[in-house]
Amino acid sequence: MAEIIWLSMDEVCNLTGEVKETVRRKCKRGEYSCTYDKKGKYKNYLINLDSLPEAAKNRYNGIKINVQHSKFYKESPAWAKKQAKKYVELIEKTTGMKHKEIVEFLQDWNSKHPDKKSSYSALCKARIKYEQFGEDALLSKKGFKEEYRVKPEYYEYYKKLYMSTNAPSAIDCWVQTLNYAKQKDKIKTANFPCEKTFDRLLKKEYSTEEIKRARQYHAKVIAKDYSNIKANEYWIIESCQLKFPLKRGKRCFYPWLTVVKDVKTEKWLGWFIYFEPVNSGHIIQAVYYAFIEYGKPQKIFIRNMQFDSYISQTGKIKKAEINCNKSNLTPILIYTGARYSFEIPTNINTASIAYDLREFIPPEPNTNLFDCKNLLDYHIQAIVNQRIHRNQLFNGKSPNELWQKSYVQQELPDKKYLIGMCLRSKNPLKYGRNGIYDSVTDRTYTGDWMPLCTSKSMYLRRDIYSEDEGFLYDGEDQRGLGSAYILPSVPALWRTAEDREKLRQAFAWKKKALKLTKSFLDGLEKIPFEEQCENYKVAYHKEIPEPNPKILRLVRDPIIEGAIRKVKEQEEAKEIQAKVYAQMLADIEANEKDEN
């Protein structure tokens, strides 16, 4: 038995020319035989060499394409060789290019060479043929009659491959048929008809609708007969990521939506939109909305499947799946008394969330989560649940009309006892100046007992889309501490009677908190103020010794002394000048008196 050769994803990418994401998807679909080990977020696949295409295996084994022309190629007419030469030239020029580069190259090539035009898909098919069978597979087959070129045996083999569920593409079926013919009859590649010949024969025998039905019959909707169940008896939970971004702080995110539907009427009973990928908390929150509005069902079906796309913050498309922890779903059993299952019966075919929201107009990217929730609520209640269906089950009725026809009113539970089903804060919180601040809702939750728990770390459970009370749990042992209500913000200056009432309630809350603090301190004996002052005086009193400096040496600076001496000389000169000037004035006045 030959030894199995396992190749890494990088080696497979080099052999096939595919990117890592393409290789990863083929491994998930089962096209490549593989195994994997998970390190962190992604799976590191190891692919079996035998499951790769023949061209990749030949490349790995060092087998090169036989470029020598066969006898049939040499005897072929020039117009048949012209097509082969055209594709060989394009294959050589586009070797190593990516998809975008090839498309740009072909646009420029087609404008410069009108007689050698080619499309991207035609070039890809020609590359597959060339790598598998050489230039003989690229010869033009025009002018040959199909009845004499295609054996019924080959056509039946091609038809069995193509007319089946999850069948490969036409070019892949043609390659497998050619390999079958070469193994059985040792037919030459140049003598074998192209894939278009098989495709034309197939379309002559079957219509387009028949071919589509044969290849996709598993996607057909099973006929529904829900006459044996009632409304609100079975729920189904689905989740998806919406295709438009919303703003959160300074960044934009693509939100996730979890929906609870009624199986019979397809009525949306509860929904929850949030930024983070779907987890058990989102599912329980959506069930909470449906439970408080319509009562409990008998069974809940939860879709735990891979989504079609996951758009990250950078806009890249990735694969994602719901990771539901069954232990975290236990509150559903406790509060609702309903059974839950991750297996969906084959006769349940509900419309997808994307199909129901096909008429929803996406909001602007600057819209926040809460404004989007209001728009979504209106759309669901006014359009989704009111949309008229023409099928046999609805018979011209909307989900709301069909719901009212068979729904039996139940005794609804009290929301206060279901607070454990609401979303929990991601990180533990601590008591601030006025209470617990929730950054998601931008609200402050407080309670009369909370000022005595200022040093505790606590988790908050609350309904982020309502102003109902929340509940706090100890951050260490998860035990319940008590309920908390929202502390409303008050205006700095009241202008209306409503603002004045809010301000009065805020002062009343503050006085109540102060009163509770004083009642807590009533048992403590107060120390008189005079005694406190004496304590401070004794604590800070120090005897300051009298200064007794000793002059060790007088520091003399000649420059400074010279400057001082110069200033003094200038002052003395000014005094002498003033005296002389005064004497001269006195002499002048005396002389004038003598002359008179």
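All figures in this text were calculated on a predicted structure; none of them were measured in a lab. (Residues numbered from 1 in each chain as written. Predicted model: local features only at pLDDT ≥ 70, side-chain atom pairs only at ≥ 80, totals over all residues. Heavy atoms only, no water.)

(A) Region of the structure containing the nonpolar core. Membership of the largest hydrophobic core comes to 50 residues, with the highest contact counts inside it found for Leu-257, Trp-268, Phe-272, Ile-273 and Leu-357. Counting residues per element, the ones that place at least two in this core are strand 4 (234-241), strand 7 (256-262), strand 8 (268-274), helix 13 (280-294), strand 9 (299-302) and helix 16 (369-384). Residue contributions to this core peak at ten residues, all from helix 13. Other than its neighbours up to four places away in sequence, Leu-357 contacts Leu-242, Leu-257, Trp-268, Leu-376, His-379 and Val-384. (Core = buried A, V, L, I, M, F, W, Y, C linked by side-chain atoms within 4.5 Å. Buried < 20%, exposed > 50% of the residue type's maximum accessible area, 1.4 Å probe, protein only. Helix = DSSP H or I, 4+ residues; strand = E, 2+ residues; numbered from the N terminus. Contact = heavy atoms within 4.5 Å.)

(B) Examining the pairing of strand 18 (residues 470-474) more closely. The element strand 18 is extensively covered by neighbouring structure, given that four of its five residues are classed as buried. Of the pairings in the sheet, the one linking strand 18 to strand 19 (residues 480-486) comprises four bridges and is antiparallel in character. By the bridge assignment, Gly-470 is partnered in strand 19 with Ala-484. With antiparallel pairing between neighbouring strands as the criterion, strand 18 and strand 19 make up a hairpin whose turn holds five residues, including Gln-478 at a positive phi of roughly 60°. (Pairing = 2+ DSSP bridges.)

(C) Quick peek at helix 6 (residues 99-112). An ideal rise of 1.5 Å per residue puts 20 Å on 14 residues; helix 6 measures up with 20 Å between its terminal C-alpha atoms. All buried positions along helix 6 are accounted for by Ile-102, Leu-106 and Trp-109. Viewed along the axis of helix 6, the buried residues span an arc of 65°, placing them on a single side of the element. Structural note: helix 6 exposes Lys-100, Gln-107, Ser-111 and Lys-112 on the side pointing more than 90 degrees away from its buried face. (Expected span 1.5 Å × (residues − 1). Arc of directions from axis to C-beta.)

(D) Focus on a negative patch on the surface. Taken together, the side chains of Glu-569, Glu-571, Glu-572 and Glu-575 define an acidic patch exposed on the protein surface. As for its placement among the helices and strands, Glu-572 is situated in helix 20 (residues 558-595). (Patch = residues over 30% accessible without salt bridge, like charges linked within 9 Å, V, L, I, M, F, W, Y side chains within 5 Å. Areas by Shrake-Rupley, 256 points an atom, 1.4 Å probe, with all protein chains shown as cover. Salt bridge = Lys/Arg side-chain N within 4 Å of Asp/Glu carboxyl O. Lys, Arg positive; Asp, Glu negative; His and termini not counted. Charge placed at Lys NZ, Arg CZ, Asp CG, Glu CD.)

(E) Spatial organisation of unusual backbone geometry. Although it is not a glycine, Glu-266 sits at a positive phi angle of roughly 60°. Counting through the fold element by element, Glu-266 comes out in the loop between strand 7 and strand 8. Taking the relative accessible area as the measure of exposure, Glu-266 reaches 9% and is therefore buried. In this model, Gln-478 sits at a positive phi of 60°, which is unusual for a non-glycine residue. Along the chain, the position of Gln-478 falls in the loop between strand 18 and strand 19. A relative accessible area of 36% means that Gln-478 is categorised as partly exposed.

(F) Seen up close, the sheet that holds strand 1 (residues 6-8). Across the sheet, three strands lie side by side as 1-3-2; this open sheet has antiparallel pairing. Two strands lie at the open edges of the sheet, namely strand 1 and strand 2 (34-39), each paired on one side alone. This sheet shows a mean twist of 30° between the axes of neighbouring strands, independent of strand direction. Pairing between strand 1 and strand 3 (residues 42-48): three bridges, direction antiparallel. Looking across to strand 3, one finds that Leu-7 is bridged to Ile-47. This element, helix 1 (residues 9-16), spans strand 1 and strand 3 of the sheet and lies at about 90° to strand 1. Where helix 2 (residues 20-29) meets the sheet, it contacts strand 2 and strand 3, and its direction lies at approximately 75° from that of strand 3. (Axes fitted to C-alpha atoms, helices over the stretch in contact; angles between N-to-C directions.)

(G) Spatial organisation of the packing of aromatic side chains. Under the definition given, this model contains 17 aromatic pairs. Ring centres of Tyr-158 and Tyr-162 lie 5.9 Å apart, and the angle between their planes is 5°; on these two criteria the pair is classed as stacked. Residue Tyr-158 and its partner Tyr-162 are both found in helix 9 (residues 152-162); the two are separated by four residues, about one turn of the helix. Summarising the burial analysis for this pair, Tyr-158 and Tyr-162 share the class buried. Summarising the aromatic geometry, the rings of Phe-244 and Phe-360 are spaced 5.9 Å apart at their centres and angled 40° between planes, so their arrangement reads as tilted. Placement of the pair is Phe-244 in the loop between strand 4 and strand 5 (246-248) and Phe-360 in the loop between helix 15 (353-356) and helix 16, with a sequence separation of 116 residues. Taken together, the ring pairs in this structure connect Phe-253, Phe-272, Tyr-274, Phe-275, Tyr-288, Tyr-289, Phe-370 and Tyr-465 into an aromatic cluster. The cationic tip of Arg-358 hangs over the ring face of Tyr-355; the distance from NZ or CZ to the ring centre is 4.0 Å. (Phe/Tyr/Trp six-rings, centres within 6.5 Å; stacked < 30°, edge-to-face > 60°. Lys NZ or Arg CZ within 6 Å of the ring centre and 35° of its normal.)

(H) Up close: a nonpolar patch on the surface. On the surface, Ile-4, Trp-6 and Leu-46 cluster together to form a nonpolar patch covering roughly 260 Å² of accessible area. Residue position: Leu-46 is located in strand 3.

(I) Looking closely at the environment of Glu-469. Within the fold, Glu-469 resides in the loop between strand 17 (457-462) and strand 18. On the accessibility criterion, Glu-469 (43% relative accessible area) is partly exposed. In this structure the C-alpha to C-alpha distance between Glu-469 and Lys-416, which are 53 residues apart in sequence, comes to 7.9 Å. If near-sequence neighbours (up to four positions away) are discounted, Glu-469 is found in contact with Ile-419, Ser-483, Ala-484 and Tyr-485.

(J) Quick peek at the state of the cysteines. Tallied over the entire structure, the rule returns zero disulfides. Of all cysteine sulfurs in the structure, the one in Cys-27 sits closest to Cys-13, which takes part in no disulfide; the separation is 9.5 Å. (Disulfide = S-S within 2.5 Å.)

(K) Spotlight on the side chain of Asn-385. By the secondary structure assignment, Asn-385 is in the loop between helix 16 and helix 17 (399-406). Taking relative accessible area as the criterion, Asn-385 reaches 3% and is therefore assigned buried. Setting aside anything within four residues of it in sequence, one finds Asn-385 in contact with Lys-267, Trp-268, Ile-380, Ser-398, Pro-399 and Asn-400.

(L) Quick look at the pairing of strand 4. Summarising burial for strand 4: seven of the eight residues are buried, a large majority. Summarising the sheet, strand 4 and strand 9 pair through four bridges and their orientation is parallel. Directly across from Trp-235, in strand 9, lies its bridge partner Ile-300.

(M) Region of the structure containing the sheet that holds strand 4. Read from one edge to the other, the open sheet built from five strands follows the order 8-7-4-9-12, with strand pairing classed as mixed. Edge positions in the sheet fall to strand 8 and strand 12 (339-341), since each has one partner strand and no second. Averaged over all pairs of adjacent strands, the angle between their axes in this sheet comes to 20°, without regard to strand direction. Strands in contact with helix 13 are strand 4, strand 7, strand 8 and strand 9; relative to strand 8, the strand with the most contacts, it is inclined by about 145°.

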